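# Examining the three-dimensional arrangement
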Amino acid sequence: MKRLFANSVLATIALAAIGFFLLNLPQQSSGKPSEAGHGHEVAGHADGVEMSDDKLRSSDIELLVAAPGVLRDSLLLNGILQPNQEALVQVTPRFPGVVREIKASVGHRVEKNDLLAKIESNQSLTIYEIRAPLAGTVIDRQISLGEYASEQKAAFTIADISTVWVDLSVYRRDLKRVREGDKVVIDVGDGGKPIEARLTYISPVGSADTQSALARTSVPNEGTRLRPGMFVTARLMLSDKSAPIVVKSTAVQSFENRNVVFVRNGLKFEVREVELGARDREHVEVQFGLEEGDLYVGRNSFIVKAEIAKGTAAHEH
């Protein structure tokens with residue numbers, strides 16, 4: 001009996017020791033938040049940061065909605081505004097003689113049959129008139145009062161600038177991508193609205209000096225906004241591609257060697273790793289990582305990145 005009692009006591013002590021050992025083992029994380037912390041992430045954690053609406057406004061952070069979009073492949077071209085050569089005429093004297101009167105100067109608007117100048121013929125010594133053959137603007141004058149005018153040289157150049165040509169230079173490497181009828185968006189450089197047009201002509205010959213060829217479009221000159229001789233830039237739209245999710249290129253940041261977008265959930269910005277696809281000048285396709293309707297940082301996303309980085313450093317210390 002004594003031996004049986006001793007064995008029972010030893011067994012009880014062993015079981016108690018095993019229980020104490022198990023209770024003090026390190027707990028393994030299940031990967032799920034505890035009930036107490038469910039839905040409440042700590043601001044400044046490596047996966048996100050909280051920012052108030054006031055902070056967003058003061059930092060000029062733009063929030064946009066992830067949505068389907070169209071990516072446009074384009075080509076930037078340089079060009080110059082030219083008078084429409086099909087509505088331009090050079091006016092020459094019929095007979096050589098001395099200029100006795102001038103009625104039009106460069107920049108003057110004239111109507112058809114308006115008097116431009118009077119010339120005294122060397123042959124008959126009579127005075128005859130030069131009149132405008134079409135309505136337009138005098139863009140050049142090559143005679144002066146009292147000088148000799150020759151029928152070999154134009155006295156006036158008149159152009160109807162209600163429409164102008166936009167002559168664009170296309171480099172040799174890009175010529176195979178350009179076709180008549182392609183859409184161009186022209187930036188005049190005056191801060192005004194861009195002008196949309198279609199290419200109407202592509203030169204069959206190129207320039208030896210620039211190794212480029214000319215592509216042209218004709219556009220209305222409303223309010224004489226377009227001044228021949230001025231340089232412009234144009235974006236040639238080559239192709240469109242629809243994508244289920246598109247975001248601004250400025251939204252994508254490199255974070256811990258990953259492409260990420262910062263998505264707002266309540267007051268908190270979360271780090272979303274994204275897989276990117278096609279892109280154009282302003283937007284990029286997101287193939288994985290975002291859903292339609294997600295609210296993301298489109299402008300000044302680097303500020304959110306910096307806030308998260310600061311929070312990560314504080315958390316590690």
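Conventions adopted
Residues numbered from 1 in each chain as written. Predicted model: local features only at pLDDT ≥ 70, side-chain atom pairs only at ≥ 80, totals over all residues. Heavy atoms only, no water. Helix = DSSP H or I, 4+ residues; strand = E, 2+ residues; numbered from the N terminus. Buried < 20%, exposed > 50% of the residue type's maximum accessible area, 1.4 Å probe, protein only. Contact = heavy atoms within 4.5 Å. Areas by Shrake-Rupley, 256 points an atom, 1.4 Å probe, with all protein chains shown as cover. Pairing = 2+ DSSP bridges. pLDDT = per-residue confidence, 0-100. Core = buried A, V, L, I, M, F, W, Y, C linked by side-chain atoms within 4.5 Å.

Attention shifts here to the overall build of the protein chain. In terms of helices and strands, the protein chain carries three helices and 23 strands. For the protein chain, the residues scored as buried account for 35% of the 317 residues in total. In the protein chain, of all internal contacts separated by at least 6 residues, the share reaching a separation of at least 24 is 70%. If you sum the accessible surface of the protein chain, you get close to 19700 Å²; carbon and sulfur atoms cover 52% of it.

Before going further, it helps to examine the sheet that holds strand 8 (residues 127-131). Taken in spatial order, the four strands of this open sheet run 8-7-5-10, and their pairing is antiparallel. Strands with a single pairing partner mark the edges of an open sheet, and in this sheet they are strand 8 and strand 10 (148-149). Pairing of strand 5 (residues 97-102) with strand 7 (residues 115-121), which is carried by five bridges, proceeds in the antiparallel orientation. Looking at the pairing, Gly97 lines up with Ser121 of strand 7.

Attention shifts here to the confidence of the model for the protein chain. Mean pLDDT over the protein chain stands at 84; residues scoring 70 or higher make up 83%. A low-confidence stretch, residues 1-7 (pLDDT under 50), is modelled with zero contacts involving residues beyond four sequence positions or located in other chains. Note that pLDDT drops below 50 for residues 9-46; the model gives that stretch 16 contacts with residues more than four away or on any other chain.

Let's shift gears to the nonpolar core. In this structure, Ile186 and Val219 are the most contacted members of the largest nonpolar core, which totals 22 residues. Those elements giving two or more residues to this core turn out to be strand 3 (67-83), strand 12 (163-171), strand 13 (183-187), strand 14 (195-198), strand 16 (212-220) and strand 17 (231-248). Here this core gets four residues from one element, more than from any other, and that element is strand 12. Setting aside residues up to four positions removed in sequence, Val219 forms contacts with Ser162, Thr163, Val164, Val166, Ile186, Ile195, Ala197 and Leu226. In this structure, Val91, Val99, Tyr128 and Ile143 belong to the second largest nonpolar core, which totals 16 residues.

What follows covers unusual backbone geometry. Located in the positive-phi region is Gln211, a residue other than glycine, with phi close to 55 degrees. Looking at where Gln211 falls in the secondary structure, it is placed in the loop between strand 15 (201-207) and strand 16. Positive phi, normally seen in glycine, also occurs at Thr224, with a value near 50 degrees. Residue position: Thr224 is located in the loop between strand 16 and strand 17.

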